[in-house]
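Fold and contact review
Each chain, letter by letter, is given below.
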Amino acid sequence: MNLQRWCKYLSILLWALCASMARADAWLVDLEGAVGPASADHVIRGIHQANAAGAELVILRIDTPGGLDLSMREMIKAILASPIPVVGYVAPAGARAASAGTYLLYATHLAVMAPGTNLGAATPVQIGGAPGLPGGGDQDKAPDSPSAMEKKIINDAVAYIQGLAQLRGRNAEWAERAVRAGESLSAEDAVSEGVVNFMAVSVEDLLQQADGVAVALDSGELTLQTAGLPVYHHPVDWRSEFLAVITNPNVAYILMLVGIYGLIIEFYNPGIGLPGVMGALCLLLALYALQVLPVSYAGLGLLLLGIALMVAEAFAPSFGILGIGGLVAFIIGSVMLMDTELPAYRIAMPVIAAFAVFSVAVLSLALSLVLKARRQASVTGVEHLVGQFGVVERVTPDATWVRLDGELWHAQSSTSLAEHDEVVVDALDGLVLKVSKPHRENS
């Protein structure tokens with residue numbers, strides 16, 4: 001009876017605990033810094049976990065200068081498919097929802113801004129910095145004469161943000177100007193232009209003003225009941241932090257080079273183990289990071305070619321021809337590796353310079369060792385025996401045997417020899433030593 005009673009009490013306690021954990025909260029998910037794979041992973045999993053926990057809504061607090069198009073679109077897909085409302089909130093004061101942030105704000109069910117914030121400048125940056133677009137390489141080309149590819153990119157971005165504006169009932173005309181002309185708006189102007197719903201000085205103020213507002217979900221229209229709703233701040237977990245580290249272009253670049261050099265060292269000195277294991281681990285992490293980053297395959301190919309040429313110089317010396325060519329290819333490939341003009345996703349020049357200097361140092365060391373080896377006298381083969389001294393170990397009617405370098409050699413001499421005589425090697429005739437007694441000067 002006591003056991004049954006305790007089991008009943010335990011079941012009641014577990015039910016109460018689950019009920020308290022499943023209470024309707026407002027989940028606060030932060031999007032700070034450049035939009036990329038790590039931030040997309042954090043936001044998307046935050047929305048999914050909020051829905052699983054039975055949250056009333058998700059508040060996406062935005063402060064971003066923009067970022068990668070692919071990561072932005074993944075987040076927008078999660079927002080549009082969310083069964084619970086997602087509120088975009090540009091905060092705190094001084095924050096911005098620039099470029100990709102503007103698209104995200106347009107996608108949310110309710111758009112709110114804090115005083116002193118801004119949004120806009122949503123013109124897409126051409127991948128690879130193509131001429132005629134912001135960040136492009138042709139500064140002499142007139143901005144009003146875009147190429148066919150540039151028109152496609154701009155028109156695609158305009159259609160995308162206008163579709164979001166029409167879905168949420170927001171100002172589609174200004175959205176087009178934000179893309180085509182790179183216009184920006186302050187929070188006050190955004191409210192007056194019908195770009196956002198209202199301004200809020202805090203999360204609590206947002207929940208108070210959002211109370212009673214109707215939003216459209218896939219399941220139908222929902223009237224928010226948010227006044228006094230408790231707020232749960234969804235933290236950045238270890239997965240997102242780890243992803244943010246390895247998807248940093250500089251870290252991914254370093255991991256790739258450490259992995260390649262580690263495997264080269266292991267192949268050159270098999271049996272060590274540590275360089276091979278660490279190299280394989282770093283290379284796998286780098287490959288995972290590179291597959292979610294905007295990588296130029298031409299740059300990657302040049303980088304790998306440069307490493308291959310420098311390794312070839314070390315193994316088959318060409319007195320610098322392969323090494324210098326490899327170094328040039330390595331530097332050009334490193335600069336071209338990230339196929340985007342976004343500053344947050346470019347490899348820092350000091351990192352490239354550091355690895356270039358390291359490669360030059362390794363190459364110089366390899367060449368110096370090669371030259372040193374060429375200057376040294378030969379210590380292999382039988383030729384090095386000429387001029388060395390040995391001792392006659394055995395004399396027979398048919399042959400004379402001399403011990404030299406710990407081995408017995410068949411020897412011939414123009415003078416008679418006896419056991420224990422010291423001889424010097426004058427020449428070689430196949431495997432027969434031509435020896436004579438050394439001439440000692442009398443003192």
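Just so we're clear, the structure is a prediction, and the values are computed from it rather than from any experiment.

Scored by pLDDT, the chain has a mean of 82; 82% of the residues are at 70 or more. Taking the mean pLDDT of every element in the chain, the minimum, 47, falls on helix H1 (residues 2–21) and the maximum, 97, on strand S3 (residues 86–90). Segment residues 14–23: pLDDT under 50, and five contacts once partners within four positions in sequence are set aside and those in other chains are kept. Here residues 127–144 scores under 50 on pLDDT; set against residues more than four positions off or in separate chains, the count is 29 contacts.

This brings us to the pairing of strand S5 (residues 110–113). Alternating residues of S5 divide into Leu110 and Val112 and Ala111 and Met113, and every residue in both groups is buried. Two elements, S3 and S5, share four bridges in a ladder whose sense is parallel. For valine 87, the partnering residue across the bridge sits in S5 and is leucine 110. As defined by bridge partners, S5 adjoins strand S8 (residues 198–199) across two bridges and the pair is classed as parallel. Considered in S8, the bridge of valine 112 is made with phenylalanine 198.

Here the focus is the sheet that holds strand S15 (residues 422–429). The mixed closed barrel is built from five strands, whose spatial order is S12-S13-S14-S16-S15. When strand polarity is set aside, the average angle formed by the axes of neighbouring strands in this sheet is 55°. In this structure, strand S13 (residues 400–404) lies alongside strand S14 (residues 407–412), joined through five bridges in antiparallel fashion. The partner of threonine 400 across the bridge, within S14, is alanine 411.

The rules behind these values
- Residues numbered from 1 in each chain as written.
- Predicted model: local features only at pLDDT ≥ 70, side-chain atom pairs only at ≥ 80, totals over all residues.
- Heavy atoms only, no water.
- pLDDT = per-residue confidence, 0-100.
- Helix = DSSP H or I, 4+ residues; strand = E, 2+ residues; numbered from the N terminus.
- Contact = heavy atoms within 4.5 Å.
- Buried < 20%, exposed > 50% of the residue type's maximum accessible area, 1.4 Å probe, protein only.
- Pairing = 2+ DSSP bridges.
- Axes fitted to C-alpha atoms, helices over the stretch in contact; angles between N-to-C directions.

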